[in-house]
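Here is how the chains run, residue by residue.
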Amino acid sequence: MIKNTKILVVGAGISGIRSALDLAETGHRVCLIDKAPAMGGILSQLDHQFPDNHCGMCRMLPMIDRDNGQQFCLRKGLFHENIEILLSTEIISIEGNAGNLTVTISRRPQGVDPDRCTGCRDCESECNIEISDEFSAGFRKRKAIYLPTPHQIPNQRVIDWDTCSLCGACRDACPTGSIDLDNQPETLVLENIPAVIISTGVELYDPGHVDLYGFGHLPNVVTATAFERILSSSGPYQGRLFRPSDGKALKKIAWIQCVGSRNIMIGADYCSTACCMFAVKEALLASRKIGKDARTAIFYMDMRTFGRDFQRYKDRAEKDAGIRFVRCRVHSIEPAENDKDILISYIDSSGNPIDETFDMAVLSTGKNPEFQLPEFASREGVFTVNSARGFMDIQGAVISASVASEKAGRSVSKKGSALLQQRPEKLYFDAVCEEKPQLQIVLCTCGDFLKPVLDWDRIKAELKNMPGRIEIARIKMICDQNGWDEMIAMLRNTTANRLLLAACNPLVYLPRLKELSQETGIMPSLMEVINLRSMVDQATDLAFRTRAVLCELEMSIRRLFSHNPVEPALYPVSKSALIVGAGPAGLTAAISLAVRDFKVSLVEKTSRLGGNWSNIQSAESRETIRTLVTEVENHPLITIHSEAEVIQSFGNPGRFVTRIRSNNKDEKSLLHGVTILATGGRAAETTAYSYRKNNKITTLFELEERLQQPDFAVGSNATIVFIQCVDSREEPRNYCSRICCLKSLKAAITLREVYPQSQVYIFYRDIMTYGNSEQVYTQARRKGVMFIPYDLENKPRVRIESGRIMVEGSDPVLDEPVFFEADLVALATGIVPNPAADLVSIFNLKTTCDGFIREADSKWRPVDTGREGIFICGVGRSPSRANEAMDEGKAAAQRALRILSKDTMIASRHTARVRHVFCSLCETCMHVCPHGARYMDFELQRVQVDHAACQGCGVCAAGCPNSATIIESFEENGIMGAIEAAL
Amino acid sequence: MTAFEPKIIALVCNWCAYTAADLAGTSRLSYPAHIRMIRMMCTGMIDSKYILKAFLDGADGVFVGGCHPGDCHYIDGNLKAKKRILGTGKILEQFGFEPERLRLRWIGASEGPEFQQNMTDFVTAIKTLGPGQTNNRMVL
Ligand code: FES
């Protein structure tokens, strides 16, 4: 039985990683488990993500207190001081009460001892079981002992017990005896678990169920995830676009949307949300790879480009890459005449049946309708991330993960469970700066492997001759525990203050350096690991190999000697927050921080809390916000500054000073540790469709308001027309406002219910009912609301003829014009952000071309800004529904807690330092710094570095004309020395 | 006469090219062994001095590997590097080095095969150019 007060996070995909990191960074201990033998969930299979089409997962890593975690690719694995990771582990049961749960887990052994495995692959070649490899979506075969993902570190193999026949061949083949065939799962009971977060993701639909699409028996019909593997350079064809059946170079590819989603016949009355953009991205990447011969088409029902930047991305894909978007439901996929290509049959928008051949079809599969959350997910004290309920894009998953960690953190703090004590950084490093550099080199001979392949006498002799105090030791195998212990024992007895480990993959050792440092007193930043093994593998003859190894060793030696660490600067954190904007997002954030005992100053421009009511008409949301307002107004830790605005702000994460001015011209300075901007938005104005020329032409928001009024009336057999996307999703306002479709549908349903005789038409381009809001769309169709699609070339027209409103459009199915005389026209004008130019310049942030405040990264850091300590949420950042804005508020608060929960800001190592004597105050560094970590200290007349915001990227050092800036561990003389040594 | 084995320095970004190199290594994709890699946190960190130093000290080629545009861990360090490297190429010419001896490429973390390909190509290119020679000595 394990005595444990860790928060348990179940599922190590991006949501799970996000939640785990959120909690770890706020001082909780976390245990992260996953039933798979590798981390990363579905993202481990995807190399490319919208919008930059590359992976940016590493941006989720901690940015403050970076030394607690890793500083390398997150797909290689996760490592953080406060996170324990258990793979191949599943939950059996959860018992107990909220705050004190008992969780039983079962852990399958991986079969291979990571400490002993050298990655030689002998086991794999001996295994005679071959099955299709899930990671490469079946394009490759794998053995029963295999590598779950190519990038994972340590990359030792695991045994798949479900297929292994326990024949023992691998065990006998293993030269280091690291294989154990005992496959009995171990059952562990974890007690005193304060909270559990379920972030298991959703199961994908298996398109094998739809016979019509030939999946499973037509090799050239694949899923979108499988296509991602074809695109990947670690995929079956090294990233070249060949098709699986005959290796033909792909040219003509079709994507079929909504496979298994938006299909009431199979109980899938939801939209899987992410697949549209997933398909557009894949089609774009494929078109680029194929070049001018590419013929890509996406068959869709509605293109759900509902994110802030999605529509422009899609437009570019359509215009620049020539992707064809075809609105239809494909009814079947069959083999083409040549038996290799495939034949897609569909009815085009004018009702003509069309058969078209393609090289390959990609099925956009979403959530499996049969998927269900485990029963314990509904227990008290168990928090489920939204991305475990329905398929989500990365941004959604990341935000919902932070929401879950906020809830878990909140419940735990209420229960008074102690956070980790913040340990003062070790002071034993002090002496290092004074001491003369002395280096210990540890050479791992990798068992007996490296002995014969290198000229050890020469290595020893040459190292002896190098300048500086150097000791050399040889250890047989530092990766196994004996070797490691032997090394620690030896290091304890040396006076060395620098360590060079020449072994194998450095990424395996980096996570262990901190532990090593605690054992030996050598600073982690004065340790370096180099990969002896790979050098030996690359080079051919003994002399050459030895020369290469010596070269690399000398390079590292030169760098290590150049390091000159200084004690990192510490400064106290002001335990309070400034929140600008009291809409749903700002209010939620305020509560989230106040319930954790942090003071909040809430600055609101208007005299009223609650934000823009015109966006929030549904009775439910109104009620939620009303409660929120009361809660904020009554909270003792929240100070409300209404009719006030920010006029100036400066400072660093953990200590900002902001001046605010209220309406009566009173000015006040606030000291705060973090800033959250929730500036919100408002209804867009329009002049389109004869708006205002007749009082029966209203905006959707006005209609909603009128619908609430008791005296609202239209004739019982009135004709009511909704027009969607007014001035939206085309330049200059080329984005979807996310809220209008749902509002129009709801209003249409209400009207049909009240006036069953009425005719309700909705002119739409794409109905954006992502996720479960699809159900409202279904309901509206059932209620007899009529839907007429239009495109930009064929917009509906509204005319007023002697007081009568005439609406004219064209019916694409009949290809005929349609006319109505409307009794009411509602225009869905969408929302625009509140003007934020002043704030943006005060806080030194950026906006998008539409005036939304730009986040640090739209996928991985959606509520951070480019400046640490300043966060954004709600409509000021991106159009969102009220509940989404509130979620963002929680997520922003959670991000803010990383700073507020600290007593002092501890600078990470590898930050920039200025040698003031060389500095000419040219301010180049201040301009180039991407994190705003440089500022001018007018009192001292110096350019200073904010060590909490500095990420150590070194752009300042490279830009400095006087070499006045140094980056710890990347000192100029060290790199120059390494270059000399290399040549 | 022994074959010309060029001396090549690769300055690679920790987040992408270095990771790709690691992936190439663990996937057993071999690339020429006479490349000496120096890990940087970001290509934005690479001072022109380093490149000049390398050439003046006898390097035949310098390879810089960074994240794809839009993908830099520090927002746009790679684009700043691109500018700087363009400038450095011009300076190299004044020293009598062909600007092709300095090459900047974007290599994503998962692009092990691309890393291998780039290295092989670069070595071939340098081999065709022959040893680097300067007409201008300077000590950095
Ligand atoms: S982090 Fe890779 S180039 Fe900047």
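Preceding this paragraph is the structure being described.
Caption draft 1: Expanded view of the overall build of chain A. In terms of regular secondary structure, chain A is built from 23 helices and 49 strands. A compact globule built from 983 residues should have a C-alpha radius of gyration of about 30 Å, and chain A, at 31 Å, falls within 12% of that. A principal-axis box enclosing the C-alpha atoms of chain A has dimensions of 100 × 80 × 60 Å. Relative to its 983 residues, chain A shows a buried fraction of 61%. The long-range share in chain A, meaning contacts at least 24 apart out of those at least 6 apart in sequence, stands at 72%. Approximately 38,700 Å² of chain A is accessible, and the part contributed by carbon and sulfur atoms is 49%. Computed over 114 positive and 120 negative side-chain charges, the separation of the two mean positions in chain A equals 3 Å.

Caption draft 2: Structural view of the overall build of chain B. Of regular secondary structure, chain B possesses 4 helices and 4 strands. Along the chain direction, N to C, the helices and strands of chain B fall in the order β-α-β-α-β-α-β-α. In terms of C-alpha radius of gyration, chain B reaches 15 Å, essentially the compact-globule figure of 14 Å for 140 residues. By its C-alpha atoms, chain B is 40 × 35 × 20 Å across when sized along the principal axes. Counting over 140 residues, chain B shows a buried share of 60%. Considering only contacts in chain B between residues 6 or more positions apart, those separated by 24 or more positions represent 82%. Once the 16 positive and 13 negative side-chain charges of chain B are each reduced to a mean point, those two points are 5 Å apart.

Caption draft 3: Just the pattern of salt bridges, in detail. Residue and element names in this part refer to chain A. In the structure shown here, the tally under the stated rule is 67 salt bridges over all chains. In this structure, Arg324 engages Glu356 in a salt bridge whose closest nitrogen and oxygen atoms are separated by 2.5 Å. Linking Arg324 in strand E16 (residues 324-327) with Glu356 in strand E19 (residues 353-358), this pair joins segments that are 32 residues apart in sequence. Among the residues examined, Arg324 registers a relative accessible area of 34% and is labelled partly exposed. We classify Glu356 as buried; its relative accessible area is 13%. Two residues, Glu888 and Arg877, come together in a salt bridge whose shortest N-O distance is 2.9 Å.

Caption draft 4: Main features of the interface of chain A and chain B. Tallying the contact residues gives 56 residues for chain A and 52 residues for chain B. Approximately 4,600 Å² of surface area, both sides summed, lies buried where chain A meets chain B, with 60% of it carried by carbon and sulfur atoms. In this assembly, chain A and chain B are joined by 5 salt bridges. Here B:Asp22 ties to A:Lys76 by a salt bridge, and the two come within 2.9 Å at their closest N and O atoms. Summed over the shared surface of chain A and chain B, the number is 15 residue pairs in polar contact (both at pLDDT 80 or more).

Caption draft 5: Broad picture of the sheet that holds strand E39 (residues 797-801) of chain A. Residues and elements named next belong to chain A. The strand order E39-E40-E41 describes an open sheet built from 3 strands, whose pairing is antiparallel. At either end of the open sheet lies a strand with only one pairing partner, and these are E39 and strand E41 (816-822). In this sheet, neighbouring strand axes are inclined to one another by 25° on average, regardless of whether the strands run parallel or antiparallel. Summarising the sheet, E39 and strand E40 (residues 804-811) pair through 5 bridges and their orientation is antiparallel. If you follow Val798 over to E40, its bridge partner there is Val807.

Caption draft 6: Main features of the side chain of A:Gln71. Mapped onto the fold, A:Gln71 is located in the loop between strand E3 (30-33) and strand E4 (83-86). The class for A:Gln71 is buried, based on a relative accessible area of 18%. Residue contacts for A:Gln71: discarding those within four places in its chain leaves A:Pro62, A:Arg66, B:Asn14, B:Trp15, B:Met41 and B:Tyr74.

Caption draft 7: Local environment of helix H4 (residues 224-231) of chain A. Among the 8 residues of H4(A), 8 are classified as buried, and the element is accordingly described as predominantly covered. Within H4(A), burial applies to A:Ala224, A:Thr225, A:Ala226, A:Phe227, A:Glu228, A:Arg229, A:Ile230 and A:Leu231.

Caption draft 8: Main features of the sheet that holds strand E38 (residues 786-789) of chain A. Residues and elements named next belong to chain A. Taken in spatial order, the 5 strands of this open sheet run E35-E42-E36-E37-E38, and their pairing is parallel. Of all the strands in the sheet, the pair left with one neighbour each is strand E35 (697-699) and E38. The mean inter-strand angle of the sheet, taken between neighbouring strand axes irrespective of direction, is 20°. Looking at chain direction, strand E36 (residues 719-723) and strand E42 (residues 824-827) are connected through 4 bridges and run parallel. Each bridged residue has a counterpart across the sheet, and for Phe722 the counterpart in E42 is Ala826. Each of E35, E36 and E42 is contacted by helix H16 (residues 700-708), which is oriented at about 95° to E35, the strand it contacts most.

Thresholds, definitions, all that
Residues numbered from 1 in each chain as written. Chains lettered and ligands numbered in written order. Predicted model: local features only at pLDDT ≥ 70, side-chain atom pairs only at ≥ 80, totals over all residues. Heavy atoms only, no water. Helix = DSSP H or I, 4+ residues; strand = E, 2+ residues; numbered from the N terminus. Rg over C-alpha atoms; globule rule 2.2 N^0.38 Å. Buried < 20%, exposed > 50% of the residue type's maximum accessible area, 1.4 Å probe, protein only. Contact = heavy atoms within 4.5 Å. Areas by Shrake-Rupley, 256 points an atom, 1.4 Å probe, with all protein chains shown as cover. Lys, Arg positive; Asp, Glu negative; His and termini not counted. Charge placed at Lys NZ, Arg CZ, Asp CG, Glu CD. Salt bridge = Lys/Arg side-chain N within 4 Å of Asp/Glu carboxyl O. Buried area = accessible area lost by both parts, 1.4 Å probe. Polar contact = N/O pair within 3.5 Å; in protein donor to acceptor, adjacent residues only side chain to side chain. Pairing = 2+ DSSP bridges. Axes fitted to C-alpha atoms, helices over the stretch in contact; angles between N-to-C directions.

Don't take any of this as a statement about function, it's just geometry.
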